[in-house]
Structures are given as structure tokens and as C-alpha cells.
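Survey of secondary and tertiary structure
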Amino acid sequence: RHTLDPPVTLEDLDEKTFDTIPGRDIIANIGGRPRLYQQLECTAPMNSLLGCHSMFRSLCELSYSCGTEGHAFFCRCHNDFGYPKPKSIGNRTFEEACPVIEN
């Protein structure tokens, strides 16, 4: 925070940021917490040391928990993290819209 110009104060962080803290994320639980934060569930396997420290998994958890209400759903949420497939809002299936790409 001191490398920015102007520097970011602790008061700025408390007033102007919102943080998400996934359960079992050892990185996010180091240090203090800002005034505004939301604790998230983490669906990573228990033996995955850094599985909960994933911006994409957190985005999927927010989307799944809060609902998408007809908006686009990230293919990665189901394909990579095992969240349920969303209901179709058009005439394409999930598999057509989100094909699994083999590496």
C-alpha cells in the first residue's frame, strides 16, 4: 500500500474496499481483516493446501450462493470446480455452451 502514489492508508482500505475470505484459505486468513468483508464457503478438497486460495473458485462460490438470475454462468465453475450445471435459458445445452477442452 505504501508503493502507490498517493499511498493508501489503513483508513482508505477500511472505507473503500470489500474483501472476500474463503474458508480454509490459509493466505487470506493471515493478518487482519478490513472492516468490510464476506466469509465464503470453499468446496476444495480438504487435502488441497491452496485449493481455497483461488479467485476463480471464489467467483464461482459468489455466483452459486447469490444466484445468477438468468445471467451467464462461468463454464469453469462446473468443469473445474464441480458446481452444479445451470439451467438452460436458451436452446443450447450446457455441454454445447461449455465444451470441455482437453489439454
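Everything discussed here concerns the structure shown above.
Attention in this report is confined to the structure presented alongside it. Note that the structure is predicted; figures quoted are calculated from it, not measured.

Topic: helix 2 (residues 55–66)
Structural remark: α-helix, 3.6 residues per turn; residues separated by three or four positions point the same way. Between the first and last C-alpha of helix 2 there are 16 Å, a value that for twelve residues agrees with the 16 Å anticipated at 1.5 Å per step. Its buried side turned inward, helix 2 meets strand 1 (19–22), strand 2 (37–40) and helix 3 (75–79). At the C-terminal side of helix 2, glycine 67 shows a positive phi close to 90°.

Considerations on the environment of histidine 78
Looking at the secondary structure, you find histidine 78 in helix 3. Overall, the relative accessible area of 24% leaves histidine 78 in the partly exposed class. Measuring from C-alpha to C-alpha, the distance between histidine 78 and cysteine 66 comes to 16 Å, with twelve residues separating the pair along the chain. Apart from the residues lying within four places of it in its own chain, the contact partners of histidine 78 are Phe73, Tyr83, Pro84, Lys85 and Phe94.

Some details on empty space enclosed by the protein
Going through the model one piece at a time under the given rule, you end up with one cavity of 30 Å³ or more. Considering only enclosed or pocket space, the largest cavity measures out at about 40 Å³ in volume. Considering the residues around the largest cavity, the lining is formed by Pro22, Leu40, Glu41, Cys42, Cys52, Arg57, Ser58, Glu61 and Tyr83. When grouped by side-chain class, the residues that make up the lining of the largest cavity number five nonpolar, one polar and three charged.

Notes on the side chain of serine 54
With respect to the helices and strands, serine 54 occurs in the loop between strand 2 and helix 2. Residue class for serine 54 comes out buried when judged on its relative accessible area of 17%. A polar contact of 3.0 Å, which involves the side chain of serine 54, links it to the backbone nitrogen of arginine 57.

A word on the state of the cysteines
As enumerated under the stated definition, the model contains three disulfides in all. Covalently, cysteine 42 is tied to cysteine 52 through a disulfide, its sulfur atoms 2.0 Å apart. Across the disulfide from cysteine 42 to cysteine 52, rotation about the S-S bond amounts to roughly -95°, and the bridge is consequently left-handed. Of this pair, cysteine 42 sits in the loop between strand 2 and helix 2 while cysteine 52 sits in the loop between strand 2 and helix 2; the two residues are ten residues apart in sequence, bridging distant segments of the chain. The exposure class assigned to cysteine 52 is buried, which follows from its relative accessible area of 2%. Sulfur-sulfur distance for the disulfide between cysteine 60 and cysteine 77 comes to 2.1 Å. Where cysteine 60 bonds to cysteine 77 through sulfur, the torsion about that S-S bond is close to -90°, and the disulfide is left-handed. Here the residue cysteine 60 occupies a position in helix 2, and cysteine 77 occupies one in helix 3, the gap between them amounting to 17 residues. Across the pair, cysteine 77 and cysteine 60 agree in class, each one buried. For the protein, the bonded cysteines pair up as 1-2, 3-5, 4-6 when numbered in the order they occur along the sequence.

Quick notes on the rules
- The numbers attached to residues start from 1 for each chain and follow its sequence in the written order.
- Given that the model is predicted, a residue must reach a pLDDT of at least 70 before its local features are reported, and side-chain atom pairs must reach 80 or more before they are shown or counted; all residues, however, enter totals for whole chains, interfaces and linings.
- The basis for every side-chain value is the complete set of heavy atoms in the structure, and neither hydrogens nor water enter the calculation.
- Every helix listed is a DSSP run of H or I at least four residues long, and every strand listed is a run of E at least two residues long, numbered separately from the N terminus.
- In a helix, the anticipated span is given by 1.5 Å times the number of residues less one.
- For this analysis, residues touch if any pair of their heavy atoms sits within 4.5 Å.
- Exposed residues in this analysis have more than 50% of their type's maximum accessible area, buried residues have under 20%, and partly exposed residues fall in between, with area computed by a 1.4 Å probe over protein chains only.
- Computed over the protein atoms alone on a 1 Å grid, cavities are sets of points where a 1.4 Å probe fits but cannot get out and pockets are open sets with protein on both sides within 12 Å along at least five of seven lines; a residue lines them when it has an atom within 4 Å of a point.
- Grid points are joined across faces, edges and corners, and a volume is the space filled by probe spheres set on the points.
- Throughout, the ten residues Ala, Val, Leu, Ile, Met, Phe, Trp, Tyr, Cys and Pro are labelled nonpolar, Asp, Glu, Lys and Arg are labelled charged, and all others, Gly among them, are labelled polar.
- Within 3.5 Å is the distance limit for a polar contact, defined as a pair of N or O atoms, with the added protein rule that one can donate a hydrogen and the other accept it, and that residues adjacent in sequence qualify only through two side-chain atoms.
- Count a disulfide wherever a pair of cysteine sulfur atoms falls within 2.5 Å.

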